[in-house]
Amino acid sequence: MKKQQFVVVGLGRFGSSLAMELVEKGYEVLGIDRNEEIVNDMSDVLTHTVVADASDEDMLRSLGVRNFDCGIVAIGDDVQMSILSAILLKELGVKKVIAKAISLLHGRALEKLGVDRVVYPERDMGKRVAHQLVTPNLLDYIDLSDNYTIVEITAPIHLNGKTLSEVNTRARFNCSVVALQKKEGVIIAPTALDAINSGDIMVIIGTHTNIDRFEEEVINE
């Protein structure tokens, strides 16, 4: 099977971190940035790197970006450049375009241009840190939509030995435990009879309100 290929435009902190993670997972990544020093630093890490202006249509065409499976516009400090780059990637035929936004207005503009997904790294990280501060057992927090979220929570000691049926998250909070990560491995779609041990990681999906109730009444009791 052909490896997916990604083009990352903008190799700042977010772009370079994302690009390196993709390479680490075995994907091919072309990194583009106007800063020659940054490109040189990343040249030994990424599959290919190019010093280029991502608003130059001819340059992007010559790089064959249309052949890439996904384009990520990671430019954060220049909204105009971000928007122009996103437009060009879409027009040149990149199958999927994801773009970083630094504000809601920037994000709305990108959405109107037909960008497949807009991400807000700073905002999302801020929300994650805030949730982790008020819920010490919370390991990770991902919004699936405006209403639904999925969280990873470390089971506290007072849940040790209880079955999922006894905790009864679905009936009490309308949340579902979709996985239990134990020392010996991960249980996907656990049954009501599966027991929770202190320190297990519970992966739970539900609305923001119901997850908050579960954390308050069960995890932080």
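Residues numbered from 1 in each chain as written. Predicted model: local features only at pLDDT ≥ 70, side-chain atom pairs only at ≥ 80, totals over all residues. Heavy atoms only, no water.

- Looking at an unreviewed UniProt entry, one finds the protein named TrkA family potassium uptake protein and attributed to Paenibacillus gallinarum.

A closer look at the packing of aromatic side chains
Now for step 1: Under the defined criterion, the tally for this structure stands at two aromatic pairs.
Now for step 2: When the centroid spacing of 5.5 Å and the interplanar angle of 75° are considered together, the rings of Phe-6 and Tyr-27 count as edge-to-face. Pair noted here: Phe-6 is in strand 1 (residues 5-9) and Tyr-27 is in the loop between helix 1 (13-24) and strand 2 (28-33), with a separation of 21 residues, a long-range link.
Now for step 3: You can call Phe-6 buried: its relative accessible area is 10%. (Phe/Tyr/Trp six-rings, centres within 6.5 Å; stacked < 30°, edge-to-face > 60°. Helix = DSSP H or I, 4+ residues; strand = E, 2+ residues; numbered from the N terminus. Buried < 20%, exposed > 50% of the residue type's maximum accessible area, 1.4 Å probe, protein only.)

Re the UniProt feature "domain: RCK N-terminal" (unreviewed entry) in the protein
Now for step 1: UniProt tags residues 3-119 as "domain: RCK N-terminal" (unreviewed entry).
Now for step 2: Secondary structure across residues 3-119 divides into 40% helix and 23% strand, with the first and last C-alpha atoms of the span separated by 24 Å. (UniProt positions renumbered as here; feature names shortened; annotations may be inferred.)

Some thoughts on unusual backbone geometry
Now for step 1: Despite not being glycine, Asn-168 shows a phi value in the positive range, around 55°.
Now for step 2: Relative to the elements of secondary structure, Asn-168 occurs in the loop between helix 7 (164-167) and helix 8 (169-173).
Now for step 3: By relative accessible area, which is 30% here, Asn-168 ends up partly exposed.
Now for step 4: Although it is not a glycine, Ala-189 sits at a positive phi angle of roughly 50°.
Now for step 5: One can find Ala-189 in the loop between strand 10 (185-188) and strand 11 (201-207).

Regarding the nonpolar core
Now for step 1: Residues Val-7, Val-9, Ile-32, Val-65, Leu-89, Leu-110 and Val-115 are the most contacted members of the largest nonpolar core, which totals 25 residues.
Now for step 2: Going through the elements one at a time, strand 1, strand 2, helix 4 (79-91) and strand 5 (96-100) are the ones with two or more residues in this core.
Now for step 3: For this core, the element with the most residues is helix 4, which contributes four residues.
Now for step 4: Beyond its immediate chain neighbours, meaning those up to four positions away, Ile-32 contacts Val-7, Val-8, Val-9, Gly-10, Leu-11, Val-50, Ala-52, Leu-60 and Leu-63.
Now for step 5: Within the second largest apolar cluster, 17 residues are counted, among which are Ile-153, Met-202, Ile-211 and Ile-219. (Core = buried A, V, L, I, M, F, W, Y, C linked by side-chain atoms within 4.5 Å. Contact = heavy atoms within 4.5 Å.)

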